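Close look at the chain arrangement
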Amino acid sequence: MESTAAQQTLPPQAVVMQMAMGAWVTKVISEATRMGVPDLVKQHGPLRAAEMVAIHGITAAPDALERLLRACASVGVFTEDAAGKFGPTELSEVLTLDSPVSVKKLVEAMGGPWYKGWTELFEAVRTGKPQIRKVFGMEFWDYLNANPKELEDFGEAMKSNSLNSLRGVLEKCDFTGVGKIADIGGGFGHQAIALLEKYPSLQAVVMDVPELIPVARERAPVNDPTVASRLEYVGGDMFESVPPADVYIMKHIIHDWDDEKCLQLLENCHRKMQGDGRVICVDAVLPPMGNTAGTPAKLLDITMLTFITGRERTEAQWTDLYRASGFEIRSITPIHDNFGTSIVEGVKQRS
């Protein structure tokens, strides 16, 4: 797609057409990534589509693959030369599995299950209710729990999305002197493990749905036994209860739920919090009305609208949510990740 500066030189209809074709761009990038092309050209350098199929095992019709890769190259994902070879770029690098800032699994999800869900956006806006049941035959969380491979892929996508926000937590939150953290909805436990590695006296418990815990234990990258001995996994319903801890962290969790559910969760944290602890929510903070910035967070908000009963929130909405559950916001710290996330840190209200 053209840059903003280039768009300013185009007539309005051309700009709108570029925007409207964004869904097509999502799909071609996602499918090329799912086929493993970024990893392949990173390892072997520029290749023809026919070579990718005949020599390197890409499952595709060579001519069709070439057409797909030409579309990707037109937006800078691959290089393309006159001999028909496609090579790596800075953009394809972040679509590889071993990139330190990989978005491979997230992009695959955006062009896969999430792409399907967006087909019901019209009805979601018309009714104000999520429409994912029409797509998958059941609600989104039920669909994931009923399909272990989809649940695992979702966990990998969330890991991919969390890399930059995890760095933000490590850099901007101080856990010196904290006895125990609880990472609620912590997935495979990457955040808890990173914090345990940084703080040698810290204890951590990762809580998520029971179905994910065996996968998390198997895939958690814990190589240090001194870290493993301080890490606990708990399966359960966070709306019923949460494990006791000094600090609660919920990264990309609160936006999944409506205010009523969020209040239940935050009140559970307030009830089980040890001493004068903290609650840390890592999610988007939308700009106030009249501010047209924040496109990634606003588009993520539409995903919430279409899929589930969650939403992204403004600072005023976050303040109301914290106050209603017995907390007050101490700071909001932006971090520069995929969706314009911030760290919303709160403490118990003073009586």
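This write-up is about the structure you can find in this document. In this text the structure is predicted, and so the values were computed from the model without any measurement.

Let us look at the overall build of the chain. When helices and strands are tallied, the chain shows 19 helices and 11 strands. Over its C-alpha atoms the chain spans a radius of gyration of 22 Å, differing by no more than 12% from the 20 Å that the globule rule assigns to 351 residues. With the C-alpha coordinates aligned to their principal axes, the bounding extent of the chain is approximately 70 × 50 × 40 Å. Looking at the chain as a whole, 46% of its 351 residues are labelled buried. Across the chain, contacts joining residues at least 24 apart in sequence account for 65% of those joining residues at least 6 apart. Element-wise, carbon and sulfur atoms account for 55% of the exposed surface of the chain, whose accessible area totals about 17,300 Å². Put simply, the chain has 35 plus and 46 minus side-chain charges, and the middle of one group is 1 Å from the middle of the other.

Evaluation of the coordinates by the stated rule reveals 18 salt bridges. The network of salt bridges with common partners includes Asp39, Lys104, Lys105 and Glu108.

Counting buried residues in strand β4 (residues 180–184) gives 4 out of 5 residues, a clear majority hidden from the surface. In this sheet, strand β5 (residues 203–208) lies alongside β4 in parallel orientation, the contact comprising 5 bridges. Paired with Ala182 across the strands is Val205, a residue of β5. Handedness of the β4-helix α14 (residues 190–198)-β5 crossover: right-handed. Taken together, the 3 bridges between β4 and strand β7 (residues 245–251) define a ladder with parallel strand orientation. Note that in β7 the partner of Ala182 across the bridge is Tyr248.

Pairing between sheet strands relies on hydrogen bonds along the backbone, with the strands arranged either parallel or antiparallel. Overall, antiparallel pairing links the 3 strands, which are arranged β1-β3-β2 in an open sheet. What marks the edges here is a single partner per strand, and that holds for β1 (47–48) and β2 (79–80). As paired strands, β2 and strand β3 (residues 85–87) are joined by 2 bridges and run antiparallel to one another. Its bridge partner lying in β3, Thr79 is registered against Gly87.

Okay, the packing of aromatic side chains next. Under the criterion given, the structure shown has 10 aromatic pairs. On the numbers, 5.7 Å between centres and 75° between planes, the contact of Phe140 with Phe154 is edge-to-face. One end of the pair, Phe140, is in helix α12 (residues 140–146); the other, Phe154, is in helix α13 (residues 148–172), with 14 residues separating them in the sequence. Like Phe154, Phe140 is buried. Ring pairing ties together the aromatic residues Phe140, Trp141, Phe154, Phe239, Trp257 and Phe307, which thus form one cluster. Across from the ring centre of Phe239, 4.6 Å away, lies the NZ or CZ of Lys261, which sits over that ring.

Within the fold, Ala60 resides in the loop between α5 (49–54) and α6 (62–74). Residue classification places Ala60 among the partly exposed positions, given a relative accessible area of 27%. Distance in space between the C-alpha atoms of Ala60 and Met35 is 8.7 Å, their sequence separation being 25 residues. Leave out the neighbours within four places in its chain, and Ala60 touches Met35, Val53 and Leu65.

The next point concerns the packing of α13 against α14. Packing of α13 against α14 leaves a shortest axis separation of 10 Å and a crossing angle of 30°. For the element pair α13 / α14, the angle class is roughly parallel. Note on packing geometry: the crossing formed by α13 with α14 is right-handed. Residues Lys159, Leu166, Val169 and Leu170 of α13 touch α14, and the partners they reach there are His190, Gln191, Ala194, Leu195 and Lys198. For the contact of α13 with α14, the residue count by class is 5 nonpolar, 2 polar and 2 charged.

Now for helix α19 (residues 315–324). Within α19 the residues assigned to the buried category are Trp318, Thr319, Leu321 and Tyr322. Mapping the buried residues of α19 onto a view down its axis gives an arc of 165°, with all of them on the same face. When the buried face of α19 is taken as reference, the exposed residues oriented beyond 90 degrees from it are Asp320 and Arg323. Elements in contact with the buried residues of α19: α17 (259–272), β8 (273–286), β9 (313–314), β10 (327–334) and β11 (341–348).

This part takes up the state of the cysteines. Linking two cysteines covalently via their sulfur atoms produces the bond known as a disulfide. Applying the stated criterion to the full structure yields 0 disulfides. In this model Cys262 remains outside any disulfide bridge; the closest cysteine sulfur is found in Cys281, 8.1 Å from its own.

Judged by nonpolar contacts, the single largest core of 46 residues is most densely connected at Phe140, Phe175, Ile181, Leu195, Leu231, Tyr233 and Ile280. It is α13 that provides the largest number of residues to this core, a total of 6 residues. Residues contacting Leu195, with those up to four places away along its chain left out, are Leu170, Phe175, Ile181, Leu202 and Ile249. Counting residues in each nonpolar core, the second largest holds 26 residues, with Val205, Ile254, Trp257 and Met273 among its members.

A few words on the side chain of Lys251. Tracing the sequence through the fold places Lys251 in strand β7. Despite being buried, Lys251 has no salt bridge partner; Asp183 is the closest side chain of opposite charge, sitting 6.1 Å away. The contact partners of Lys251, leaving out residues within four places of it in the chain, are Ser162, Ser165, Leu166, Gln191 and Val282.

Rules used throughout
- Residues numbered from 1 in each chain as written.
- Predicted model: local features only at pLDDT ≥ 70, side-chain atom pairs only at ≥ 80, totals over all residues.
- Heavy atoms only, no water.
- Helix = DSSP H or I, 4+ residues; strand = E, 2+ residues; numbered from the N terminus.
- Rg over C-alpha atoms; globule rule 2.2 N^0.38 Å.
- Buried < 20%, exposed > 50% of the residue type's maximum accessible area, 1.4 Å probe, protein only.
- Contact = heavy atoms within 4.5 Å.
- Areas by Shrake-Rupley, 256 points an atom, 1.4 Å probe, with all protein chains shown as cover.
- Lys, Arg positive; Asp, Glu negative; His and termini not counted.
- Charge placed at Lys NZ, Arg CZ, Asp CG, Glu CD.
- Salt bridge = Lys/Arg side-chain N within 4 Å of Asp/Glu carboxyl O.
- Pairing = 2+ DSSP bridges.
- Right-handed = clockwise from strand over helix to strand, strands pointing away.
- Phe/Tyr/Trp six-rings, centres within 6.5 Å; stacked < 30°, edge-to-face > 60°.
- Lys NZ or Arg CZ within 6 Å of the ring centre and 35° of its normal.
- Axes fitted to C-alpha atoms, helices over the stretch in contact; angles between N-to-C directions.
- Parallel < 35°, antiparallel > 145°, perpendicular 65-115°, else oblique.
- Left-handed = near helix turned anticlockwise from the far one by under 90°.
- Nonpolar A, V, L, I, M, F, W, Y, C, P; charged D, E, K, R; others polar.
- Arc of directions from axis to C-beta.
- Disulfide = S-S within 2.5 Å.
- Core = buried A, V, L, I, M, F, W, Y, C linked by side-chain atoms within 4.5 Å.

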